[in-house]
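So you can see what is in the structure, the chains are spelled out below.
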Amino acid sequence: MQRRPFVLHFVPYASDEMLRKALALKADALVLDLEDSVTPDNKESARKTVTEWLRQVDFPRQKRLVRINALDSEWGRVDVESTMAGRPDGFLVPKAGDLAALRELDSFVTELEKLHGYPERRVELFPIIETPKGILHVNEIALCPRVTAICGGRGGLDMAAALGAWRVRDKNGDLLDIFRLTGMICLLAATAAGVQPIDSVLLLGDLERMQRECRESAEMGYTGWITIHPSQIDVVHKSCFPSDDEIAESRELVAAFEEHRKLGKWAFRFKGQMVDVPNLKRAQTILERARLKQEIEADWKR
């Protein structure tokens, strides 16, 4: 069964206004940010605000996720301890790469679940792969306890900073190969581990390129996207599903396979091309993604 497309939308600055607006968006999860959008002087107050949101605000349909500060910072462990009082659904772990630290976080969350009387292993971990160390360890990270998704989007500025790169895109606006490569490695690792691969919608303003890149990541197999602006959510919903023509051709191909199955054949000519089982699986993937689109649209009409 294919994973349902999943949008994680960031709520920055621990802003009540930002949260109010985000609650009305067609996102599947809201990420309450304690890291990059919060200055060091405001970490404590942001932590208190986010914990109160988790305790008191009604999130009608979205998962409630918290992006903590890096585990090797002075704030990461405190972020977890404080916000666990509000029973979050999961944590985004930035700059993940230290396997021992991630396993220690799993044990710490287990202790806090018992302390607060939460169901065991309910809280999920979403490692963000944004350093060379994270890339080199991503296969093991994807298999760590509680990890349900790998956030390994292409073209992140944190990865550029870690590499010492001063450009992410070439003169034509396309991602440099190294950033495409890191995204591909994360996609492969997540898929191999059976967790959800999550990309990032990187652009604002360039609608055509944003749609093209989102479509490309969906076609490659990504099923989740991180967004930072409401307009990007619409791009995901419009771009991560197959076209009507692709759906129609896939239905036709599946029907043709059924007819040839009755004849004992699963390799035959279809519209001038030889097809066999891999073509059938591709068509079934497209039809399942189309079914999920209908399911999602029905959910949002409720």
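Description of the structure in this document. All residue numbers refer to position in the chain's written sequence, counted from 1. This being a predicted model, a pLDDT of at least 70 is required before a residue's local features are given, and a value of 80 or more before pairs of side-chain atoms are given or counted; all residues contribute to the totals for chains, interfaces and linings. Where side-chain values are given, they derive from all heavy atoms of the structure, hydrogens and water being excluded.

### Some details on the pairing of strand β7 (residues 196-200)
Moving on, step 1. The buried label applies to any residue whose accessible area, calculated with a 1.4 Å probe on protein chains only, is under 20% of its type's maximum; exposed applies above 50%, and partly exposed to all values in between. Each helix corresponds to a stretch of at least 4 residues labelled H or I by DSSP, and each strand to a stretch of at least 2 residues labelled E; elements are numbered beginning at the N terminus. Where burial is concerned, most of β7 is hidden: four out of the five residues are buried.
Moving on, step 2. Strands are treated as partners if at least two bridges between them are detected by DSSP. Two strands pair when backbone bridges link them, and β7 and strand β8 (residues 224-227) are joined in this way by three bridges, in the parallel orientation. Residue pairing in the sheet places Ser 200 in a bridge with Ile 226 of β8.
Moving on, step 3. Following the chain from β7 across helix α9 (residues 207-220) to the adjacent parallel β8, one finds a crossover that is right-handed. Seen with the strands pointing away from the viewer, any crossover whose path from the first strand over the helix to the second strand runs clockwise is right-handed.

### A closer look at a nonpolar patch on the surface
Moving on, step 1. Residues enter patches when their relative accessible area tops 30% and they take part in no salt bridge; the joining distance is 9 Å for like charges and 5 Å for the nonpolar side chains Val, Leu, Ile, Met, Phe, Trp and Tyr. Residue exposure ignores everything except the shown protein chains as possible cover, and the areas themselves are Shrake-Rupley values with a 1.4 Å probe. When a carboxyl oxygen of Asp or Glu lies within 4 Å of a side-chain nitrogen of Lys or Arg, that pair is called a salt bridge. A grouping of Leu 163, Ile 178 and Leu 181 is seen on the molecular surface, where their side chains present a nonpolar patch of about 240 Å² in accessible area.
Moving on, step 2. A relative accessible area of 37% means that Ile 178 is categorised as partly exposed.

### A few points about the sheet that holds strand β6 (residues 149-151)
Moving on, step 1. With parallel pairing, the eight strands of this open sheet are ordered in space as β5-β4-β3-β2-β1-β8-β7-β6. The sheet is open, and its two edges are formed by β5 (124-127) and β6, each paired on a single side. Between one strand and the next, the sheet's axes are offset by a mean angle of 25°, whatever the strand orientation.
Moving on, step 2. Bridge count for strand β1 (residues 6-11) against strand β2 (residues 29-33) is four bridges, and the pairing is parallel. The residue bridging Leu 8 from the neighbouring strand is Ala 29, located in β2. In this analysis, axes come from line fits to C-alpha atoms, helices being fitted only over the stretch in contact, and the angle between any two N-to-C directions falls in the range 0 to 180 degrees.

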